[in-house]
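Residues per chain are reported as follows:
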Amino acid sequence: MTSYLTGLIGSGIGPSLSPALHEREADRHGVRLIYRTLDIDVLGVAPEAVGELVHAARRLGFDGLNITHPCKQLVIEHLDELAPDAAELGAVNTVVFRDGRAIGHNTDAAGFAQSFARGLADAPTGDVVQLGAGGAGAAVAHALLNLGVDRVTLVDTDPARSAALAAGLASRFGPGRAVSAPTDEIAGRVAAADGLVHATPTGMLAHPGLPLPVTLLRPGLWVAEVVYRPLETELLREARAIGCRTLDGGGMAVFQAADAFRLFTGLEPHTGPMLADLGDLAAFPAA
């Protein structure tokens, strides 16, 4: 039986559903896929150790790795090559080992775009505020602009990071399409926005809480989430209670995983069953 060895590097990834999603999909294809989590918190190493972990995985015969917060940008300098999507985004969420080389890809942007088209296709897209300008944030912002959003306003706790991402996006998509704003302007920016996208770790099981005051939400605002574990974050729960249209992070998780599965194995994933898998798996509390 054909077999694959893959894994995930990141912080607080114990509750991740990626192992089960990939392994279940492999079963449907009649192949063996083992997916391991390499949690830097459990290993007691800093995010900068991602390079050592990638090199070790390559030596141990891994076929590929997924990379998540906070290593999506740090991993780049340790790779031999970047696929166009990763080079454009400046972030990597999938590493494939081929012929002794480590090649970085990014399936996050396409994953978010597919999820948005599935869940918020008719939502107004004039002005969108996005919280978070890290690796996932870069991918989501690119996806939003490719989807036709008129302007994305980036807000991040690191102003230099959001400013750099906004400048890069504006150079590609056009002046004014992406701007950055300080955190103390969130209230005004959200009040004028059609939608809010959350792309930080806040709300994950390992990082509970809300990324902004609930009082800033209103019924006419749609809210999209990147976090998928839990599938209903506190932000989404509060937004739904107020009457906002919402999009959970589950679709993005599945579609980016499907693209990563294709890169790891060369097999065409079944996204319908994978979406069903996510709903089934997310119904159970994390261990």
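Shown above is the structure to which this text applies.
Below you will find a few notes about this structure. (Residues numbered from 1 in each chain as written. Predicted model: local features only at pLDDT ≥ 70, side-chain atom pairs only at ≥ 80, totals over all residues. Heavy atoms only, no water.)

Bringing the sheet that holds strand β8 (residues 151-155) into the picture now. The sheet built from 6 strands is open, its strands ordered β9-β8-β7-β10-β11-β12 with parallel pairing. Bordering the open sheet on either side are β9 (178-180) and β12 (246-247), each of which pairs with just one other strand. As judged from the 5 bridges shared by strand β7 (residues 127-131) and β8, these two strands associate in the parallel manner. Among the inter-strand pairings, D127 is bridged to a residue of β8, identified as R151. (Pairing = 2+ DSSP bridges. Helix = DSSP H or I, 4+ residues; strand = E, 2+ residues; numbered from the N terminus.)

In this section: the layout of surface pockets. Empty space within the largest pocket amounts to approximately 980 Å³. Among the elements of the structure, β3 (64-67), α6 (135-146) and α10 (250-265) are those that each provide at least two residues to the lining of the largest pocket. Per-class residue counts for the lining of the largest pocket are 23 nonpolar, 18 polar and 5 charged. (1 Å grid on protein atoms, 1.4 Å probe; cavity = no way out; pocket = protein on both sides within 12 Å on 5 of 7 lines; lining within 4 Å. Points joined across faces, edges and corners; volume = space filled by probe spheres on them. Nonpolar A, V, L, I, M, F, W, Y, C, P; charged D, E, K, R; others polar.)

As a further point, take the pairing of β7. Consecutive side chains of a regular strand alternate in pointing toward one face of the sheet and then the other. Counting buried residues in β7 gives 5 out of 5 residues, a clear majority hidden from the surface. Crossover β7 to β8 through α6 is right-handed. Pairing between β7 and strand β10 (residues 195-198): 4 bridges, direction parallel. Note on β10: the bridge partner recorded for L131 is H198. (Buried < 20%, exposed > 50% of the residue type's maximum accessible area, 1.4 Å probe, protein only. Right-handed = clockwise from strand over helix to strand, strands pointing away.)

For the structure on display, the rule yields 16 salt bridges. Residue D122 pairs with R245 through a salt bridge whose shortest N-O separation is 3.0 Å. Here D122, found in the loop between α5 (108-119) and β7, pairs with R245, found in the loop between α9 (234-242) and β12; they are 123 residues apart in sequence, far enough to count as distant. For D122, a relative accessible area of 61% gives the class exposed. Accessibility expressed as a relative area gives 38% for R245, which makes it partly exposed. Three or more residues joined by partner-sharing salt bridges are found here, namely R24, E25, R28, D277 and D280. (Salt bridge = Lys/Arg side-chain N within 4 Å of Asp/Glu carboxyl O.)

What follows is about the side chain of T94. Of note, T94 is situated in strand β5 (residues 94-98). A relative accessible area of 0% means that T94 is categorised as buried. One polar contact links T94 to N66, side chain to side chain, over a distance of 3.1 Å. A polar contact is formed between the side chain of T94 and the side chain of N93, at a distance of 3.1 Å. In contact with T94, not counting residues within four places along its chain, are L65, N66, I67, I103, G104, H105, T107, A260, L263 and F264. (Polar contact = N/O pair within 3.5 Å; in protein donor to acceptor, adjacent residues only side chain to side chain. Contact = heavy atoms within 4.5 Å.)

With that settled, the discussion passes to the pairing of β5. The element β5 is largely enclosed, with a buried count of 4 among its 5 residues. Strand direction decides the pairing type here: β3 and β5, joined by 3 bridges, are antiparallel. The residue of β5 that forms the bridge with N66 is T94. The turn linking β5 back onto strand β6 (residues 101-105) is made up of 2 residues, and D99 within it adopts a positive phi angle of 50°.

Within the secondary structure, T233 is located in the loop between β11 (222-225) and α9. Setting aside residues up to four positions removed in sequence, T233 forms contacts with G203, E225 and V227.

Within the element layout of this structure, A260 appears in helix α10. Overall, the relative accessible area of 0% leaves A260 in the buried class. Considering only alpha carbons, one finds A260 and N93, 167 residues apart in sequence, at a separation of 8.7 Å. Not counting residues up to four positions away in its chain, the partners in contact with A260 are H22, N66, T94 and T107.

In this section: the environment of S162. Looking at where S162 falls in the secondary structure, it is placed in helix α7 (residues 159-173). Relative accessible area serves as the criterion here: at 1%, S162 is assigned to the buried category. Taking C-alpha positions, S162 is 14 Å from R177, a pair spaced 15 residues apart along the chain. Reaching out from S162, the side chain makes a polar contact with the backbone oxygen of P159 at a distance of 3.0 Å.

Turning our eyes to something else, we now look at the packing of aromatic side chains. The final tally for this structure, using the stated rule, is 2 aromatic pairs. Judged by centre distance (6.0 Å) and plane angle (35°), the ring pair of F112 and F116 falls under tilted. In this pair, F112 and F116 are both assigned in helix α5, 4 residues apart and thus about one turn of the helix distant. The buried category is assigned to F112, whose relative accessible area is 1%. Plain terms: the ring middles of F116 and W222 are 5.3 Å apart, the flat faces sit at 70° to each other, and that makes the pair edge-to-face. Highlighted residues: F116 in helix α5 and W222 in strand β11, separated in sequence by 106 residues. Given the relative accessible area of 5%, F116 is considered buried. Note on W222: relative accessible area 2%, which makes it buried. Among the aromatic residues, ring-to-ring pairing joins F112, F116 and W222 into one connected group. (Phe/Tyr/Trp six-rings, centres within 6.5 Å; stacked < 30°, edge-to-face > 60°.)

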